[in-house]
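Structural overview for review
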Amino acid sequence: MRRIAADNSKNRRRSQRGYTLLELLFVLTILVILAALALPRVMGMYESHQLQTAVENVRAHLAASRMRAIDTGLVYQFRYEPNGQRFSVTPFEAAEGHSLPTLEGTLPESFRFESTDDDLISTLSQSSTSLTGESLAGSSTLNQQLLILFVPDGSATEATLDVVDEQNRFVRLSVRGLTGAVTVGGIQQRSSL
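Residues numbered from 1 in each chain as written. Predicted model: local features only at pLDDT ≥ 70, side-chain atom pairs only at ≥ 80, totals over all residues. Heavy atoms only, no water.

Quick look at the side chain of H61
Assignment of secondary structure puts H61 in helix 2 (residues 21-72). Of the residues examined, H61 reaches a relative accessible area of 15% and is grouped as buried. Sequence-distant contacts of H61, that is, excluding residues within four places in its chain, are made with F78, F87, V89 and L103. (Helix = DSSP H or I, 4+ residues; strand = E, 2+ residues; numbered from the N terminus. Buried < 20%, exposed > 50% of the residue type's maximum accessible area, 1.4 Å probe, protein only. Contact = heavy atoms within 4.5 Å.)

Structure follows, in structure tokens:
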């Protein structure tokens, strides 16, 4: 009887001894390899999400321009810097006796605007002034700009613009002239020549 009890205690000690260092290193190596394989995909998804977030912010400001034009009965303009990051929403003409706010925004550091149809959008030079009398050369306003106009009847200047990231991926925003509706395309890769 004593011999059976002694054999059981030896078996119990063997089954409780744990893992060897070699087994732990093997499992750790497998985990590191799996993480290394997954990291590029996770980073790509994160960068795509950042691009989509930046585009959604611009789309919201474009839609706000249209809504402000309809609500106030004034022509509103969405101005942006080609190959830059800044944009603003302002009335195109000064409203008598009213001080209407200007909405300004900036794309994140790794993104920029690119215009796809410069001939359809009015270009403002650095020396020009806005119709409210403010100089465009100031630090709080945009310098070289392109603009999209939104009219109180809901229509707008037909235009397209791209938001581009550092990897030359872009999302195209299109403003439809008849309705002023803004459509957002998918993420595309620019061919590098």
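Considerations on the pattern of salt bridges
All chains considered together, the criterion is met by 6 salt bridges. With a shortest N-O distance of 2.7 Å, E114 and R112 are connected by a salt bridge. On the basis of relative accessible area, E114 is assigned to the buried category, the value being 17%. For D162, the salt bridge is made with R172, and the minimal N-O distance between the two is 2.8 Å. A residue pair is termed long-range when its members are at least 10 positions apart, and D162 in strand 7 (residues 159-164) and R172 in strand 8 (residues 169-175) qualify at 10 residues. Among the residues examined, D162 registers a relative accessible area of 0% and is labelled buried. Overlapping salt bridges, with partners in common, bring together R112, E114, D162, R172 and R190 in one network. (Salt bridge = Lys/Arg side-chain N within 4 Å of Asp/Glu carboxyl O.)

Some thoughts on the nonpolar core
Formed by 26 residues in total, the largest nonpolar core has its most connected members in V58, L62, F78, I148 and V163. Those elements that place two or more of their residues in this core are helix 2, strand 1 (76-80), strand 2 (86-91), strand 6 (145-150), strand 7 and strand 8. The biggest single contributor to this core is helix 2, with 6 residues. The residues contacting V163, other than those within four sequence positions of it, are L51, V55, V58, L107, F111, R112, F113, R169, F170, V171 and L173. (Core = buried A, V, L, I, M, F, W, Y, C linked by side-chain atoms within 4.5 Å.)

Some words on a nonpolar patch on the surface
A cluster of nonpolar side chains, F26, V27, I30, L31, I33, L34 and L37, forms an exposed patch at the surface whose accessible area comes to about 710 Å². Judged by relative accessible area, V27 falls into the partly exposed class, the value being 47%. (Patch = residues over 30% accessible without salt bridge, like charges linked within 9 Å, V, L, I, M, F, W, Y side chains within 5 Å. Areas by Shrake-Rupley, 256 points an atom, 1.4 Å probe, with all protein chains shown as cover.)

A word on the packing of aromatic side chains
Under the definition given, this model contains 4 aromatic pairs. With centroids separated by 5.1 Å and ring planes inclined at 50°, the aromatic side chains of Y80 and F113 adopt a geometry described as tilted. Of this pair, Y80 sits in strand 1 while F113 is found in strand 4 (residues 112-115), placing the two residues 33 residues apart along the sequence. Taking the centre distance of 5.9 Å and the plane angle of 90° together, the rings of F87 and F113 count as edge-to-face. Of the two residues, F87 sits in strand 2 while F113 sits in strand 4, which places them 26 residues apart along the sequence. (Phe/Tyr/Trp six-rings, centres within 6.5 Å; stacked < 30°, edge-to-face > 60°.)

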